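Summary of structural features
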Amino acid sequence: QVQLVESGGGLVQPGGSLRLSCAASGIIFSIYHMGWYRQAPGKQRELVARITSGGTANYADSVKGRFTISREDAKNTVYLQMNSLKPEDTAVYYCAAARVYIQFELRPDHWGQGTQVTVSS
């Protein structure tokens, strides 16, 4: 049974930081490309960062320079360090695992349940 479990969301003031974690089980984590998506109310889900099985990271323009994705294969975990947070970063954040990616986009095979991030003063 595959599980992706996100943690680390919460309420933070503009300019603050959060670190999201996603712990995977039931998959051979090291061969999966991993991504972080977000979905704000009334908007489509969008990919904000992805990291390949080989460790190459790429970012959406909206978060470049502020967010950092990393992975720790020994712990079956992917992280998203979010700095300089803005109100427009408010969304539910989901991690995803994929065997295939095309350019920046992933073709997710598995999804987490999501964690809420709210940026507000």
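Residue positions are given per chain, counted from 1 along the sequence in the order it is written. Totals for whole chains, interfaces and linings use all residues, but because this is a predicted model, local features are given only for residues with pLDDT of at least 70 and pairs of side-chain atoms are given and counted only at 80 or more. The side-chain quantities take in all heavy atoms of the structure and omit both hydrogens and water.

Some remarks on the pattern of salt bridges
Note the following rule: Here a salt bridge means any side-chain nitrogen of Lys or Arg lying within 4 Å of a carboxyl oxygen belonging to Asp or Glu. The helix count covers DSSP runs of H or I at least four residues long, the strand count covers runs of E at least two residues long, and both are numbered beginning at the N terminus. In this scheme, a residue with accessible area under 20% of its type's maximum is buried, one over 50% is exposed, and one in between is partly exposed, where area comes from a 1.4 Å probe on protein chains only.
Scanning all chains against the criterion turns up 6 salt bridges. For R38, the salt bridge identified is with D89, shortest N-O distance 2.9 Å. Of this pair, R38 sits in strand β4 (residues 33-39) while D89 sits in the loop between β8 (77-82) and β9 (91-102), placing them 51 residues apart in sequence. D89 carries the same exposure label as R38, and that label is buried. For the salt bridge of D89 with R66, the shortest nitrogen-to-oxygen distance reads 2.7 Å.

Notes on the nonpolar core
Worth spelling out the cut-off: Throughout, nonpolar core names a set of buried Ala, Val, Leu, Ile, Met, Phe, Trp, Tyr and Cys residues whose side chains join them through atoms within 4.5 Å. Residue contacts follow a heavy-atom distance rule, with two residues in contact if any of their heavy atoms lie within 4.5 Å.
One finds L4, M34, W36, V78, L80, M82 and Y93 to be the most contacted residues of the largest nonpolar core, which totals 28 residues. Put simply, the parts of the chain that give this core at least two residues each are β3 (18-25), β4, β5 (46-51), β7 (67-72), β8, β9 and β11 (115-119). Not counting residues within four places of it along the chain, the set of residues in contact with M82 comprises G16, S17, L18, L20, R66, F67, Y93 and V117. One finds L47, Y94, A96 and L106 within the second-largest nonpolar core, a separate group that totals 6 residues.

Thoughts on the side chain of T115
Note the following rule: Polar contact is the term for a pair of N or O atoms within 3.5 Å; when the atoms are in protein, one must be able to donate a hydrogen and the other to accept it, and sequence-neighboring residues count only if both atoms are side-chain atoms.
Here T115 lies in strand β11. Within the structure, the side chain of T115 is placed 3.3 Å from the backbone nitrogen of G9, a separation counted as a polar contact. Ignoring any residue separated from it by four or fewer positions in sequence, one finds T115 in contact with E6, G9, L20, A91, V92 and Y93.

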